[in-house]
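Summary of the model geometry
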Amino acid sequence: MTIEYRTDAALDVDQVIALYKSSTLGARRPVDKPDVFQGMIANANIVITAWDKEKLVGIARALSDLVYVTYLADLVVHENYQQQGIGKQLIDLTQAQAAPDCMLVLLSAPQANDYYPKLGFTHNPRAWMLKSNY
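Here is a short report on the structure shown in this document.

Thresholds applied
Residues numbered from 1 in each chain as written. Predicted model: local features only at pLDDT ≥ 70, side-chain atom pairs only at ≥ 80, totals over all residues. Heavy atoms only, no water. Axes fitted to C-alpha atoms, helices over the stretch in contact; angles between N-to-C directions. Helix = DSSP H or I, 4+ residues; strand = E, 2+ residues; numbered from the N terminus. Parallel < 35°, antiparallel > 145°, perpendicular 65-115°, else oblique. Contact = heavy atoms within 4.5 Å. Buried < 20%, exposed > 50% of the residue type's maximum accessible area, 1.4 Å probe, protein only. 1 Å grid on protein atoms, 1.4 Å probe; cavity = no way out; pocket = protein on both sides within 12 Å on 5 of 7 lines; lining within 4 Å. Points joined across faces, edges and corners; volume = space filled by probe spheres on them. Nonpolar A, V, L, I, M, F, W, Y, C, P; charged D, E, K, R; others polar. Phe/Tyr/Trp six-rings, centres within 6.5 Å; stacked < 30°, edge-to-face > 60°.

Some thoughts on the packing of helix α1 (residues 13-21) against helix α2 (residues 34-43)
Relative orientation of the contacting elements α1 and α2 amounts to 95 degrees, with a least axis distance of 10 Å. Considered as vectors, α1 and α2 are oriented roughly perpendicular to each other. Along its contact with α1, which presents V13, V16, I17 and Y20, the element α2 presents P34, F37, Q38 and I41.

Next comes the structure, spelled out in structure tokens:
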């Protein structure tokens, strides 16, 4: 199996929502609101996708000033494609969009807490969130 990574893919919102539903992140995103998802895709300034032929199997969605910090809002890999290095490659490609010294910050899904340290991330207990109504 060869995975193709794209930075310029035209994304169908229903395909993106199906991907989120295929992972644990779907439970924490507004998958029942396609208009919100369309905005999430359109307004992120870094979107990297992973494809198995025509099937969307992964996405990294980030917001960045491209020089100091990139906020990785979502890292999603289809459950049938996990543990194959796709998530790491999406992270690497996300980082490559910014300056070499630009830091990468994320909030981990509970199920992924053990994943990020393996990639070199360090835990920061000072994160704060003001939740939305989603």
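Some points on the environment of I46
Tracing the chain through its elements places I46 in strand β2 (residues 46-52). C-alpha of I46 to C-alpha of A109: the two residues are 63 residues apart in sequence and 20 Å apart in space. When neighbours within four sequence positions are excluded, I46 is seen to be in contact with A60, R61, A62, S64, L66, T70, T94 and Q97.

Re the side chain of T94
Here T94 shows up in helix α3 (residues 86-95). A relative accessible area of 1% means that T94 is categorised as buried. Apart from residues lying up to four places away in sequence, T94 is in contact with I46, I48, A60, A62, T70, L72 and L104.

Looking at the layout of surface pockets
To find leftover empty space, one rolls a probe the size of a water molecule over the atoms. By volume, the largest pocket is sized at about 1,400 Å³. Lining of the largest pocket is provided by 42 residues; of these, L25, R29, L107, S108 and A109 occupy positions nearest its centre. For the lining of the largest pocket, the secondary structure elements donating two or more residues are α2, β3 (55-64), β4 (69-77), α3, β5 (103-106) and α4 (115-118). By residue number, the principal contributor to the lining of the largest pocket is β4, which donates seven residues. Split into classes, the residues belonging to the lining of the largest pocket amount to 25 nonpolar, 10 polar and seven charged. Volume-wise, the second largest pocket comes out at about 650 Å³. Around the second largest pocket, the lining is made up of 23 residues, and of these L106, F121, T122, H123 and N124 lie nearest the centre.

Considering the packing of aromatic side chains
Across all of its chains, the model carries three aromatic pairs by this definition. When the centroid spacing of 4.8 Å and the interplanar angle of 85 degrees are considered together, the rings of Y20 and F37 count as edge-to-face. With Y20 in helix α1 and F37 in helix α2, this residue pair connects regions lying 17 residues apart in the sequence. Each of the two residues, Y20 as well as F37, counts as buried. Their ring planes at 70 degrees and their centres at 5.1 Å tell us that Y115 and Y116 sit as a pair that is edge-to-face. Accessibility expressed as a relative area gives 30% for Y115, which makes it partly exposed.

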